[in-house]
2 protein chains.
Amino acid sequence: MDSDYGIPRELSDLQKLRSLYQPVLPPCLEGTTVRVEFGDATTTLDPTDVHTISRSFPHTYGQPLAHFLRATAKVPDAHIITEHPAKRVGIVFCGRQSPGGHNVIWGLYNALKLHNPNSTLLGFLGGSEGLFAQKTLEITDDILATYKNQGGYDLLGRTKDQIRTIEQVNAALTACKDLKLVGLVIIGGVTSTTDAAQLAETFAEAKCPTKVVGVPVTLNGDLKNQFVETNVGFDTICKVNSQLISNVCTDALSAEKYYYFIRLMGRKHSHVALECTLQSHPNMVILGEEVAASKLTLFDITKQICDAVQARAEQVSFLSWLLKQRIWTDKYHGVILLPEGLIESIPEVYALLKEIHGLLRQGVSVDNISSQLSPWASALFEFLPPFIKRQLLLYPESDDSAQLSQIETEKLLAHLVEAEMNKRQKEGTYKGKKFIAICHFFGYQARGSLPSKFDCDYAYVLGHICYHILAAGLNGYMATVTNLKNPVNKWRCGATPITVMMTVKRWSQNPGASSIGKPAIHPATVDLKGKAYELLRQNATQLLIDDLYRNPGPLQFDGPGADAKAVTLCVEDQDYMGRIKKLQEYLDKVRTIVKPGCSQDVLKAALSVMASVTDVLSTMSSPSFNSQSPH
Amino acid sequence: MDSDYGIPRELSDLQKLRSLYQPVLPPCLEGTTVRVEFGDATTTLDPTDVHTISRSFPHTYGQPLAHFLRATAKVPDAHIITEHPAKRVGIVFCGRQSPGGHNVIWGLYNALKLHNPNSTLLGFLGGSEGLFAQKTLEITDDILATYKNQGGYDLLGRTKDQIRTIEQVNAALTACKDLKLVGLVIIGGVTSTTDAAQLAETFAEAKCPTKVVGVPVTLNGDLKNQFVETNVGFDTICKVNSQLISNVCTDALSAEKYYYFIRLMGRKHSHVALECTLQSHPNMVILGEEVAASKLTLFDITKQICDAVQARAEQVSFLSWLLKQRIWTDKYHGVILLPEGLIESIPEVYALLKEIHGLLRQGVSVDNISSQLSPWASALFEFLPPFIKRQLLLYPESDDSAQLSQIETEKLLAHLVEAEMNKRQKEGTYKGKKFIAICHFFGYQARGSLPSKFDCDYAYVLGHICYHILAAGLNGYMATVTNLKNPVNKWRCGATPITVMMTVKRWSQNPGASSIGKPAIHPATVDLKGKAYELLRQNATQLLIDDLYRNPGPLQFDGPGADAKAVTLCVEDQDYMGRIKKLQEYLDKVRTIVKPGCSQDVLKAALSVMASVTDVLSTMSSPSFNSQSPH
């Protein structure tokens, strides 16, 4: 942690220009008055989790949603906060860096100073380790100058991801007390937000006055639910990766002799891979969620790719209206995307990884693991090429998943596909040219990018919301913005109790006995019934065969493309918070119309229709109605 | 080659915007009159090559430089061409794709149609193979519409790089005759331009009326000499790579625990690596030219990197004026660039590769090679890790170099450095944290990029010049633009006989007997006495220690950065063609002043000063004056 944080640095011309960019605020955050409207008390996403979660979070479970209102909003029972005593607030980067993180700090800093110039923002140096050790840097205009709208987490740095053990939680508690903080803002993803909720509960229990606020910042885009439409960094990562994927597509089409296998960073789930596919139109993508849902084996996936390669090689000729000549389209090139989490989605590989991780945790040395695997796992392990064996033997991450960035799934699949295509060629079932693969991993080269305009705006607004949450004295909340697909002046700002996003995992390994996990936010999977996935499926065959490559180009900060938003964000009809508000309006309207004094007929009609409405909704909400979880 | 060339395709918003961008022409190319001024007859770069080259190119050696003039230029003996009969011209992509290639076609097409709407441009489909097979696509406005200012070579495609064997040259000759072409434009790098010169000579010998013109398009940036300041594609590649390198630098600084080893595409020489270093300021770059000049072994390079890692870990503390506190700067992260050609620059690896390639050409199978190596090469080979062994055994490229894109030098060095750092740690000489490396290869993900504004302009202008060269009836010339670091309206357009860029390689393996190579253009090395390299050396220590990372950001097409040019282009004081013209002006002036009729004194003074001038210049030009080649 001892490093040159906050030091002014040389910026390129473009960096300088970006550092001068000022995100605008939505109307509800303008001015110096904070206006909060509270909604109903919240529950949990899955009704069966209520008991476990409410027992684990007695102080922070069931708090209401909070909406921040514009000055012109006419809401009679809104809380209006006009007094703004000076506040001391701490902020910390937890987890992996994601483009835009710096702007959360900037947004919060500006809001603090706007409401009271005597307020103080302390950044913890070096992530959670800096929090425990109380290493702080007071944020100032000078320090922020060269970090506004810039990528990375280098203003404060980051180390470990976790605030979980009793020692860690106590160290955080002590730090907040010693530093007299009224608020602690935790910038991070799924894991860090779960930790934030735990910290909020512990602080409340210990009567520590520090309120804990979470901010959804993770390039994986997997902190996603009714309240959180997307995460800071996801937009940038997908744009930078799509640029590179498109470049590779153009390359493939120019050279016409290589198949490119590209693995994308993004942890367990395939949000990044799905978005990049929708932006750049490669020939194929294999989502972990599809593989898990269809229980595809390594051999199934290999066959699927080989069949695609063969289908492209065997394309027939067609008559081109444009060239007025017959065109042949046998193709020996292509681009295939693979999410880094794919490897864990393949059932037999997952089982193998679980065995390996179990043995590693028991302290079995890497050299002895293969001899201690179950016969079945051992057979699979021995089948794999040596480089993958070494990578599967790496110690698991803190969230129990494999070291996904280190496992070269793209090379494994390229290797298996090549072997199968050579076999088909020998057997005479494939008559095309030799299959040649080139492998890429896109991750680290995108993660440090200058953030897109969207991520700059989103992060800055979220930082501002953190102030509003603290002004309202809320604890255990996450800053949220909904209606993001619309322009900033339409954005709805609010705060959501973190407990509402939690679920509890249940296992039943032995019949009769079932284990239950700790309440936690779990990373969202790609919704295979969602609109974004539907869009992909509709076009899959054309993308595979016709090379509809599309190049969104390098991230632009000016002109067309600069204001583009993620396809998945735009096609999904999310606005959950908007609908919750709309529902409240309807209920209020009914109450207004059917006031005591209204006619008997109106009352009867209202009763009859409301009875059937409640019946239908109760049925739809019962666990038996839909065996799948609602999200 | 049978593919869907020239098919209209879906463009992204940014691609559409780019397709509407219209590069401007320098004044000398404006209008419908072609004005050529010829300079003196050319010689060769190295005076000792004159004999060999003039004998190999009896028809095309010694032609004069050509300058194209603006309408206002007052040059009495300029050739003015106002008649423009309809022309049939062929154009072909040779060699690897490079961003901007499409604009050469567009520039030539526009020039052809501007001077005579009945002219025809035929694109050969699928590179030189398409030329041999006479597969053509007539270029039209419709076809160009979605390829203007776009990356890749997919409008026409490309296959093999060579037009060299007698069969190939004859096939090209037949194609040009059959298709009645007055000109054949070859878009490519060092190898293709050498082939173009040979083709021009053969055509002249065979009295084929087709004139051959070369256009310098190669991302490697190694077709560089007095006449060619840079190549189409180099600017884009360096910008895209610098963006990614900078992202990785930001990432390194945020996580503070990884050393990134990044290998860059760019063939034998280190132009791309040097330019990217000057743009993005990583901690270290190891240029192949430095390694070759200092004869560094693999162990020297490893030690050099290890010493750098250790120096960074052992940095002492300093007092920060900004933070008013003592800052520690022990660093466990860094970014190291390696050109892909580095591996061939290491003397002992080069010797090993030569042996392997010799055995491969003799037909020795890959499995038997290690047993047939000389004892010394064998020892080195056995020392290397298995993945590198496999890659070194790949069959060499058509230009006799190793398959550089396939040899993971970055992994080899990371592996060696890790082993050495672990050893130092055990021995107690290194006391820092464990060294962890992450490896990247940046190549294919940049090669298909949308071209930068500079490359769009440069390529379009070169295409236009091709028309002027053909209008002037020149054969065996390359289209050239000088003064490129200045705005387009200052660019000087001309044509240079390709033979002037050729050199002849000489070997003397056995004393007494010396072999001599065929005349060829050889890729330029990074000039270790040049200004760009000097700039790098001046800042090397600071870059290594102080993390002066600089992020030029993603390629912009609008706003600041959009008009940025390569650092190496701007710092080098090239304008050779400008100086050649200036010299002519001086000589003409002397001739005007010292006309018959001038005073005896003036004549005496002129004679005396010119005698000493010629003495000095003769001495400087003699081979013994400077043992090094002049470029």
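Residues numbered from 1 in each chain as written. Chains lettered and ligands numbered in written order. Predicted model: local features only at pLDDT ≥ 70, side-chain atom pairs only at ≥ 80, totals over all residues. Heavy atoms only, no water.

(A) Representation of the overall build of chain A within the structure. What chain A contains, in helices and strands, is 23 helices and 18 strands. Taking 25 Å as the expected radius of gyration for a compact globule of 631 residues, we find that chain A reaches 26 Å, a close match to that expectation. On the principal axes, the C-alpha backbone points of chain A span a range of 80 × 70 × 65 Å. Scored against the burial criterion, the 631 residues of chain A give a buried share of 59%. Residue pairs in contact within chain A that sit at least 24 positions apart in sequence constitute 78% of those at least 6 positions apart. Accessible area for chain A stands at about 25300 Å²; split by element, carbon and sulfur atoms hold 55% of it. Here chain A contributes 63 positive and 63 negative side-chain charges, whose respective centroids are spaced 2 Å apart. (Helix = DSSP H or I, 4+ residues; strand = E, 2+ residues; numbered from the N terminus. Rg over C-alpha atoms; globule rule 2.2 N^0.38 Å. Buried < 20%, exposed > 50% of the residue type's maximum accessible area, 1.4 Å probe, protein only. Contact = heavy atoms within 4.5 Å. Areas by Shrake-Rupley, 256 points an atom, 1.4 Å probe, with all protein chains shown as cover. Lys, Arg positive; Asp, Glu negative; His and termini not counted. Charge placed at Lys NZ, Arg CZ, Asp CG, Glu CD.)

(B) Molecular detail of the sheet that holds strand β9 (residues 259-264) of chain B. Spatial ordering of the open sheet is given by β10-β13-β9-β14 (chain B), a layout of 4 strands whose pairing is parallel. Across the chains shown, the open sheet's two edge strands, defined by having one partner strand only, are β10 (284-285) and β14 (437-442) of chain B. (Pairing = 2+ DSSP bridges.)

(C) Just the environment of Pro-23 of chain B, in detail. The residue Pro-23 of chain B is located in the loop between α1 (13-19) and β1 (34-41) in this model. For the pair Pro-23 of chain B and Cys-456 of chain B, spaced 433 residues apart in the sequence, the C-alpha separation amounts to 7.0 Å.

(D) Spotlight on the interface of chain A and chain B. Residue-level contacts link 71 residues of chain A with 72 residues of chain B. Carbon and sulfur atoms supply 55% of the area buried between chain A and chain B, which totals about 6000 Å² over both sides. Summed over the three residues of chain A that lose the most area to chain B, namely Ser-254, Tyr-444 and Gln-445 of chain A, the buried surface amounts to 10% of that side. Taken together, the links from chain A to chain B amount to 6 salt bridges. Here chain A and chain B share 25 residue pairs in polar contact (both at pLDDT 80 or more) between them. Contributing elements (two or more residues each) for the side of chain A that touches chain B: α1 (13-19), α5 (141-144), α8 (234-255), β14 (437-442) and α18 (444-447) of chain A. Split by residue class, the side of chain A that touches chain B holds 31 nonpolar, 23 polar and 17 charged. (Buried area = accessible area lost by both parts, 1.4 Å probe. Salt bridge = Lys/Arg side-chain N within 4 Å of Asp/Glu carboxyl O. Polar contact = N/O pair within 3.5 Å; in protein donor to acceptor, adjacent residues only side chain to side chain. Nonpolar A, V, L, I, M, F, W, Y, C, P; charged D, E, K, R; others polar.)

(E) Inspection of helix α7 (residues 190-205) of chain B at higher detail. Residue and element names in this part refer to chain B. Between its first and last C-alpha atoms α7 spans 23 Å; for 16 residues at 1.5 Å apiece the expected length is 22 Å, and the two agree. Restricting attention to buried positions, one finds in α7 the residues Val-190, Ser-192, Thr-193, Thr-194, Asp-195, Ala-196, Ala-197, Leu-199, Ala-200, Glu-201 and Phe-203. Of the residues one or two after α7, Lys-207 is the one with positive phi, at around 55 degrees. (Expected span 1.5 Å × (residues − 1).)

(F) Region of the structure containing the relation of the copies chain A and chain B. In the superposition of chain A on chain B (RMSD 0.1 Å, axial shift 0.0 Å), the rotation amounts to 180 degrees. Interpreted geometrically, this transformation is the action of a two-fold axis. Most of the interface of chain A is mirrored in chain B, where 100% of its interface residues again form contacts. (Least-squares fit on C-alpha atoms with pLDDT ≥ 70 in both.)

(G) Inspection of the confidence of the model for chain A at higher detail. Residues and elements named next belong to chain A. Per-residue confidence for chain A averages 90 on the pLDDT scale, and 93% of its residues sit at or above 70. Taken as a whole, residues 321-326 scores under 50 in pLDDT and shows 15 contacts with residues more than four places along the chain or in a different chain. Low confidence marks residues 627-631, where pLDDT is under 50. Its contacts with residues over four positions away, or in another chain, come to 3 contacts. Per the prediction output, this complex has pTM 0.89; the corresponding ipTM is 0.86. (pLDDT = per-residue confidence, 0-100.)

(H) Geometry of the packing of aromatic side chains. Here the structure, examined in full by the defined rule, presents 24 aromatic pairs over all chains. The interplanar angle of 50 degrees and the centroid separation of 5.3 Å between the aromatic rings of Phe-299 of chain A and Phe-383 of chain A together place this pair among those described as tilted. Placement of the pair is Phe-299 of chain A in helix α11 (residues 298-313) and Phe-383 of chain A in helix α15 (residues 375-383), with a sequence separation of 84 residues. With a centroid separation of 6.1 Å and an interplanar angle of 70 degrees, the aromatic rings of Tyr-444 of chain A and Tyr-258 of chain B are classed as edge-to-face. Taken as a pair, Tyr-444 of chain A in helix α18 and Tyr-258 of chain B in the loop between α8 (234-255) and β9 lie in two separate chains rather than in one. The exposure class assigned to Tyr-444 of chain A is buried, which follows from its relative accessible area of 3%. The structure contains a cluster of three or more aromatic residues connected by ring pairs, namely Tyr-258 and Tyr-260 of chain A together with Phe-441 and Tyr-444 of chain B. Between the NZ or CZ atom of Lys-582 of chain A and the centre of the ring of Tyr-586 of chain A, over which it lies, the distance is 5.9 Å. (Phe/Tyr/Trp six-rings, centres within 6.5 Å; stacked < 30°, edge-to-face > 60°. Lys NZ or Arg CZ within 6 Å of the ring centre and 35° of its normal.)

(I) Structural context of the pattern of salt bridges. This model, assessed by the stated rule, comprises 48 salt bridges over all chains. Asp-307 of chain B is the partner of Arg-424 of chain B in a salt bridge, and the nearest nitrogen-oxygen pair spans 2.9 Å. Linking Arg-424 of chain B in helix α17 (residues 409-427) with Asp-307 of chain B in helix α11 (residues 298-313), this pair joins segments that are 117 residues apart in sequence. Overall, Asp-307 of chain B belongs to the partly exposed group, its relative accessible area being 32%. Close ionic contact of Glu-585 of chain B with Lys-582 of chain B constitutes a salt bridge, the shortest N to O distance being 3.7 Å. Note that Glu-585 of chain B and Lys-582 of chain B are positioned in helix α22 (residues 576-593) at a spacing of 3 residues, about one turn of the helix. Given a relative accessible area of 43%, Lys-582 of chain B falls into the partly exposed group. One salt-bridge network, held together by shared partners, links Lys-303, Asp-307, Glu-420, Lys-423 and Arg-424 of chain A.

(J) Geometry of the domain arrangement of chain A. Residue and element names in this part refer to chain A. For chain A, the domain assignment lists domain 1 (26-233 + 451-521), domain 2 (237-340 + 407-447 + 526-571), domain 3 (342-401) and domain 4 (576-614). Relative to domain 4, the C-alpha centre of domain 1 lies at a distance of 35 Å. Taken together, the contacts link 12 residues of domain 1 with 6 residues of domain 4. A combined buried area of about 800 Å² lies between domain 1 and domain 4, and 65% of that area is made up of carbon and sulfur atoms. (Domains from an automatic or database assignment.)

(K) Quick look at the sheet that holds strand β7 (residues 183-188) of chain A. All names here are of chain A. On the basis of which strands lie adjacent, the open sheet formed by 10 strands has the order β3-β1-β2-β16-β15-β8-β7-β4-β5-β6 and mixed pairing. Of all strands in the sheet, those with a lone pairing partner are β3 (79-81) and β6 (136-138), marking the two edges. Averaged over all pairs of adjacent strands, the angle between their axes in this sheet comes to 30 degrees, without regard to strand direction. On top of the sheet, helix α3 (residues 101-115) reaches β1 (34-41), β4 (88-93), β5 (120-124), β7 and β8 (211-216); it is set at about 175 degrees to β4, its chief contact. (Axes fitted to C-alpha atoms, helices over the stretch in contact; angles between N-to-C directions.)

(L) Up close: the nonpolar core. Ranked by internal contacts, the top residues of the largest apolar core, which has 273 residues, are Ile-105 and Ile-465 of chain A together with Ile-105, Val-335 and Ile-465 of chain B. Non-local contacts of Val-335 of chain B, meaning those with residues more than four positions away in its chain, are made with Ile-245, Val-248, Cys-249, Ala-252, Tyr-260, Ile-262, Pro-282, Asn-283, Met-284 and Tyr-549 of chain B. (Core = buried A, V, L, I, M, F, W, Y, C linked by side-chain atoms within 4.5 Å.)

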